[in-house]
Amino acid sequence: MSVKNAMTAEFLRSAYGGESMAHMRYLGWADKADKEGFPKIGRLFRAVAYAEQVHATNHFVVLNGDVADTALTAGAVFGMKETAENLVGGIMGEEHEVEQMYPVYYEAAKFQGEKDAMRTFHFALQAEKQHAELFRAARECALAKKDMEFEAVYVCPVCGHTVTDEAPEKCPVCGVAKEKYARF
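Reading guide: rules and limits
- Residues numbered from 1 in each chain as written.
- Predicted model: local features only at pLDDT ≥ 70, side-chain atom pairs only at ≥ 80, totals over all residues.
- Heavy atoms only, no water.
- Helix = DSSP H or I, 4+ residues; strand = E, 2+ residues; numbered from the N terminus.
- Rg over C-alpha atoms; globule rule 2.2 N^0.38 Å.
- Buried < 20%, exposed > 50% of the residue type's maximum accessible area, 1.4 Å probe, protein only.
- Contact = heavy atoms within 4.5 Å.
- Areas by Shrake-Rupley, 256 points an atom, 1.4 Å probe, with all protein chains shown as cover.
- Lys, Arg positive; Asp, Glu negative; His and termini not counted.
- Charge placed at Lys NZ, Arg CZ, Asp CG, Glu CD.
- Phe/Tyr/Trp six-rings, centres within 6.5 Å; stacked < 30°, edge-to-face > 60°.
- Lys NZ or Arg CZ within 6 Å of the ring centre and 35° of its normal.
- Core = buried A, V, L, I, M, F, W, Y, C linked by side-chain atoms within 4.5 Å.
- Axes fitted to C-alpha atoms, helices over the stretch in contact; angles between N-to-C directions.
- Parallel < 35°, antiparallel > 145°, perpendicular 65-115°, else oblique.
- Left-handed = near helix turned anticlockwise from the far one by under 90°.
- Nonpolar A, V, L, I, M, F, W, Y, C, P; charged D, E, K, R; others polar.

The subject of this paragraph is the overall build of the protein. Looking only at helices and strands, one finds four helices and three strands in the protein. Reading the helices (α) and strands (β) of the protein from amino to carboxyl end gives α-α-α-α-β-β-β. Computed over its C-alpha atoms, the radius of gyration of the protein comes to 16 Å, within 12% of the 16 Å expected for a compact globule of 184 residues. Principal axes of the C-alpha set define a box for the protein whose edges measure 50 × 35 × 25 Å. Taken over 184 residues, the protein has a buried fraction of 46%. Looking at the protein alone, contacts between residues at least 24 apart form 73% of all its contacts between residues at least 6 apart. When the accessible surface of the protein is totalled, it reaches about 9000 Å², and 54% of it is carbon and sulfur. Of note, the protein has its 21 positive side-chain charges centred 2 Å away from the centre of its 27 negative side-chain charges.

This is the structure we're talking about:
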């Protein structure tokens, strides 16, 4: 894999930076949720952190090591607050990716004929929609001073598709088998 167009490469680097930061932010917020008595919300944060790692890795692989000498910044909530407020930060970040970032990145890659970039941007976009919904549900629970109710969170290791309770027989985004999903 290799990216031919500078704009798509820059978008991949930007997405890599944002996903990497989200990965670390969610791990910190998971520990905070645990300390506040929300272990399942903590587990959700850890699962979504893993999905963000999947996205970052996918972007990095498409760049084929061509990270250039670039500063990576990602606009997102920074810092540690109470779990309900951290979830607002997560929702805002995921919605930004769904509504603004990934649609633009995908269309640029499509215009430039960058099929591998299109695939990784599509995978991330689909997963981020789920993450926003899961964080909204988690926030409602945290505001009610209750933890979430689920058996487990499952994440596709190929595209980051994320669901609670049971993995699908095949990932609806990339087609990976149920057995491959990571369980949290």
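Scanning all chains against the criterion turns up eleven aromatic pairs. Each ring, one from F11 and one from Y105, has its centre 4.2 Å from the other, and the planes form 15 degrees; the classification is stacked. Of this pair, F11 sits in helix α1 (residues 6-35) while Y105 sits in helix α3 (residues 83-111), and the two are 94 residues apart along the sequence. Taken as a pair, F11 and Y105 share a single burial class, namely buried. For the ring pair Y105 and F121, a centre distance of 5.5 Å and an interplane angle of 50 degrees mean the geometry is tilted. Of this pair, Y105 sits in helix α3 while F121 is found in helix α4 (residues 115-143), placing the two residues 16 residues apart along the sequence. Put simply, the rings of F11, Y102, Y105 and F121 pair up and form one aromatic cluster. R25 extends its terminal NZ or CZ atom over the ring of Y26, reaching a point 5.8 Å from the ring centre.

Core analysis: the biggest nonpolar cluster contains 25 residues, and Y26, I41, L44, F45, L87, F135 and M148 have the highest contact counts within it. Counting only elements with at least two residues in this core, the list comes to α1, α2 (39-63), α3, α4 and β1 (153-155). Element by element, the count of residues in this core is highest for α2, at seven residues.

Bringing the packing of α1 against α4 into the picture now. The geometry of α1 relative to α4 is characterised by a closest axis approach of 12 Å and an angle of 30 degrees between their N-to-C directions. The angle between α1 and α4 places the two elements in the roughly parallel class. In this structure, α1 crosses over α4, and the sense of that crossing is left-handed. Taken together, the residues of α4 that come into contact with α1 (itself represented by T8, F11, L12, A15, E19 and Y26) are A117, T120, F121, A124, E128 and F135. In terms of residue class, the contact of α1 with α4 is built from eight nonpolar, two polar and two charged.

Looking now at the environment of Y106. Considering the arrangement of structural elements, one finds Y106 in helix α3. Separated by 70 residues in sequence, Y106 and V176 have C-alpha atoms that sit 22 Å apart.

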